Amino acid sequence: MSGASLVWFRQDLRLQDNPALEASVLRGAPVIPIYLWAPEEEGRWPLGAASRWWLRLSLEKLDRSLRRIGSRLIVRRGASLASLLQLRAETGAEAIFWNRRYEPMAVQRDQDIERSLRQEGVTIGSHNAALLFEPFEISKRDGTPFKVFTPFWRNCLARRPPAPPSPGPAKLPQPGRWPPSDRLEELRLPPAVNWARDSQSTWRPGEAGARAALEKFLQGALLDYPTSRDHPDFIGTSRLSPHLHFGELSPRQVWHAVGGRLGRPAGAGEAIAEEAFLREIGWREFAHHILFHFPNTPEKPLRVKFASFPWMRRPTDLKAWQCGRTGYPMVDAGMRELLATGWMHNRVRMVVASFLVKDLRIHWWEGARWFWDTLVDADLANNTLGWQWSAGCGADAAPYFRIFNPVTQGERFDPQGAYVRRWVPELARLPDKWIHRPFEAPASVLTAAGVRMGKDYPSPLVDHSRARILALSALSEISG
DNA sequence: TTTTGAGTTGTTCGA
DNA sequence: GTCGAACAACTCAAA
């Protein structure tokens, strides 16, 4: 019999629709599933606290699922190449399979590893589990990558649709003897401080949780998605982002589940909703496309003239933004939701991002870094695209004059103030009229609601209309 | 090569 | 209260 196959799990923590796993089964030899913990190989972006919390639970679930089909997950700390060579020596493995990643550090590392292992005579198989379309297969007519979303997505939709997802293996062939595994506790994944108090009740990491979330979304919120996705006070979005990031669910599964629902006549409303939702999956594709072709965007603006933008250094204001104490209820509610649950509603992400980069004129890096540490769905491609877009220096960036007004956004998308009341409880007793602008409320109203401005709730860090004008003039400095 | 139309998510002002 | 126009100039994609 030929030597065993290693299946190297990375951001593909699932058994279904997992091409690397399938390839290893097809090979016919014993299969040894492994996970390698090497945060120092992630460059400037080692997993943040919220992601580590998620990863810990997801790995546990993966191990349990593997045990149900006669296998298990072998975990190792330390440099990936060294671990792979060590595992090969211990098990006599002759082939290694993995699914591709697209972050610049990971691409480089994987290439190096592949070269070294091939020299050792190991068979390597790398597959696509994370994207509907490979970034290196999509290009404009002239061969260069797209930089605008709409033509990019049109091009994707005109292609052969992604293959249907495959079911997971019913059984995995075991090796005669299992190599030793580090215990998950030894990786010290979850942060010492349990900052994610509410995360446990909000999320169900792992493949089963991911499929349940998808199912729930398809049967519930999808139909109203085009409008309800903008209202942060109830669950109008899919909340699939962390599952997709860790690969507990594949975009192919989402694509086919959305398009291929049985027993429902596809009315016009449904078609519009499905299209709108798949478009968001398209943005995820686009973010990976941009990151793959412009690998320095996590640190450098895509539009080079932004390199000279006069960003401000104001650590106290940054801290206030992080803790949700800016004096703008919509911003503060979002930042507190993030700290409590490891997630923030998309509409609110745009509001808080605009506030940081336009009202405070703090560098988008600071926002990107904070999101990286606190989001359970932190994803280098999405995070980079989102922050550069907000700052106006990225792909398809917002026009210079698009500066969100945190009060207007609150009144439009959280008209009853339910979202603010939930996350900024000290304002809960304010009437709707003032909930998004407590700093303008008459003294009597504040007293009646038990709010002392500057004590129970902070006065605004900046005056928005003034900050807006300053942002516009700063932007005009770098144009022309 | 040149030209043309278009580009996720907004705000404000004045009629 | 509602509505349309103005808000830069630039870059991108495709004809």
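Further up the page is the structure itself.
Each chain has its residues counted from 1, running along the sequence as written. Here the convention is simple: chains get letters from A, ligands get numbers from 1, in the order in which they are written. Local features in this predicted model are restricted to residues whose pLDDT is 70 or higher, and side-chain atom pairs enter the listing and the counts only when it is 80 or higher, whereas totals over whole chains, interfaces and linings include all residues.

Turning our attention to the protein's contact with DNA strand C. All residues are tested the same way: a C-beta atom is placed from the backbone, and lying within 6 Å of a molecule or strand makes the residue near it. Lining the immediate surroundings of DNA strand C are 12 residues, of which Phe146, Val148, Pro151, Pro399 and Tyr400 lie closest. Think of it as three bins: nonpolar holds Ala, Val, Leu, Ile, Met, Phe, Trp, Tyr, Cys and Pro, charged holds Asp, Glu, Lys and Arg, and polar takes everything else, Gly as well. Taken together, the residues of the surface near DNA strand C sort by class into 6 nonpolar, 3 polar and 3 charged.

Moving on to the packing of helix α15 (residues 364-374) against helix α16 (residues 380-391). Here, axes are lines fitted to C-alpha atoms. For helices the fit covers the stretch in contact, and angles between N-to-C directions go from 0 to 180 degrees. Strands here mean DSSP runs of E at least two residues long; helices mean DSSP runs of H or I at least four residues long; both are numbered from the N terminus. Close contact between α15 and α16 brings their axes to 10 Å; oriented N to C, the two are set at 145°. At the point where α15 passes α16, the crossing takes the right-handed sense. Only Asn383, Thr384, Trp387, Gln388, Ser390 and Ala391 of α16 make contact with α15, whose side of the interface consists of Trp364, Gly367, Ala368, Phe371 and Trp372. Considering only residue class, the contact of α15 with α16 consists of 6 nonpolar, 5 polar and no charged. Each crossing is labelled by how the near helix is turned from the far one, with a counterclockwise turn of less than a right angle marking it left-handed and a clockwise turn marking it right-handed. Throughout, a pair of residues is in contact if the C-beta atoms placed from their backbones lie within 7 Å.

The immediate surroundings of DNA strand B are formed by 18 residues, with Phe149, Thr150, Asp396, Asn405 and Thr408 found nearest. Counting residues per element, the ones that place at least two in the surface near DNA strand B are α5 (149-157), α11 (268-293), α17 (406-413) and α21 (464-478).

As a general point, the strands of a sheet are linked pairwise by backbone hydrogen bonds and lie either parallel or antiparallel. Here, a strand pair is defined by DSSP locating no fewer than two bridges between the strands. In space, the 5 strands of this open sheet follow the order β3-β2-β1-β4-β5, with parallel pairing throughout. Both edges of this open sheet fall to β3 (74-77) and β5 (123-127), since each of them pairs with a single strand only. Within the sheet, the average angular offset between the axes of one strand and its neighbour, ignoring direction, is 25°. In the sheet, strand β1 (residues 5-9) pairs with strand β2 (residues 31-37) via 5 bridges, with the strands oriented parallel. Among the inter-strand pairings, Ser5 is bridged to a residue of β2, identified as Val31.

This brings us to helix α13 (residues 329-341). One fewer than the residue count of a helix, multiplied by 1.5 Å, yields its expected span. Here α13 contains 13 residues, and its C-alpha end-to-end distance of 18 Å stays within 8% of the 18 Å for a straight helix at 1.5 Å per residue. With C-beta atoms placed from the backbone, a residue counts as buried when 20 or more other C-beta atoms lie within 10 Å of its own, as exposed when 12 or fewer do, and as partly exposed for counts between those limits. Within α13, 11 of the 13 residues are buried, leaving the element largely enclosed by the surrounding structure. Following α13 by one or two positions, Gly342 adopts a phi angle in the positive range, close to 75°.

This brings us to unusual backbone geometry. Even without a glycine there, the phi angle at Arg239 is positive, about 55°. Positionally, Arg239 belongs in the loop between α8 (225-228) and α9 (241-245). Given 18 C-beta atoms within a 10 Å radius, Arg239 is considered partly exposed. For Arg361, which is not glycine, the phi dihedral falls at a positive 55°. Checked against the element boundaries, Arg361 lands in the loop between α14 (346-359) and α15.

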